Amino acid sequence: IQASAAAGSPPLARLRQDILARHAHVALQEEFPCYTPAGRGLGLVFSQGTEGFGQTLIQVCCVPFDGGFAEITLMTSREALSRTRHAWTSLMNSLRIAPRG
């Protein structure tokens, strides 16, 4: 998890451009909004063929967190992501900006 600085946090459009630049060597497959209790974020899925291992998916989510954004990256096979999508979604939805009360 990489948290951006609270002061001057970049808007989602800038985060999107930064992520696209970092992953320019792989194909963008999907883009979607993602949400936590703190608000709306951004999700991107990239696909990369890995010799001997099949297709690898890279899912990057930027979600509001503690006055900034947290960037979470998951790299896995397409099959594993299909099996664990519920756990991944639960993780995204469990992030909070304040302690549970």
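Use the structure listed above.
Fair warning: this is a prediction, and the values are worked out from it, not measured in the lab. Throughout this description, residue numbers start from 1 for each chain and increase along the sequence as written. Two thresholds apply to this predicted model, a pLDDT of at least 70 for residue-level local features and 80 or more for giving and counting side-chain atom pairs, whereas whole-chain, interface and lining totals are computed over all residues. Each side-chain value is derived from all of the structure's non-hydrogen atoms; neither hydrogens nor water enter the calculation.

(A) Representation of the overall build of the chain in the model. Put simply, DSSP marks the helices as runs of H or I at least four residues long and the strands as runs of E at least two long, and each gets a number from the N terminus on. If you tally the helices and strands in the chain, you get 2 helices and 5 strands. Listing each helix as α and each strand as β along the chain from the N terminus yields β-α-β-β-β-β-α. When the 101 residues of the chain are sorted by exposure, 35% land in the buried category. Residue contacts are defined here by distance: any two heavy atoms, one from each residue, within 4.5 Å place the two residues in contact. Contacts spanning at least 24 positions in sequence make up 41% of the contacts within the chain whose residues lie at least 6 apart. Total accessible area on the chain is roughly 6100 Å²; 55% of this is exposed by carbon and sulfur atoms. Between buried and exposed lies partly exposed: a residue is buried under 20% and exposed over 50% of the maximum accessible area for its type, with that area taken using a 1.4 Å probe on protein chains only. Reported accessibility uses the Shrake-Rupley method at a 1.4 Å probe radius. Residues are deemed covered only where the shown protein chains occlude them.

(B) Local environment of the pattern of salt bridges. One speaks of a salt bridge when a side-chain nitrogen belonging to Lys or Arg is within 4 Å of a carboxyl oxygen belonging to Asp or Glu. Enumeration over the complete set of coordinates arrives at 2 salt bridges. The residue Arg16 makes a salt bridge to Glu31 at a minimum N-O spacing of 2.8 Å. Of this pair, Arg16 sits in helix α1 (residues 12-22) while Glu31 is found in strand β2 (residues 27-36), placing the two residues 15 residues apart along the sequence. By relative accessible area, which is 25% here, Arg16 ends up partly exposed. A salt bridge links Glu71 to Arg22; its shortest N-O distance comes to 2.4 Å. Of this pair, Glu71 sits in strand β5 (residues 68-77) while Arg22 sits in helix α1, placing them 49 residues apart in sequence. With a relative accessible area of 12%, Glu71 lands in the buried category. The partly exposed category is assigned to Arg22, whose relative accessible area is 42%.

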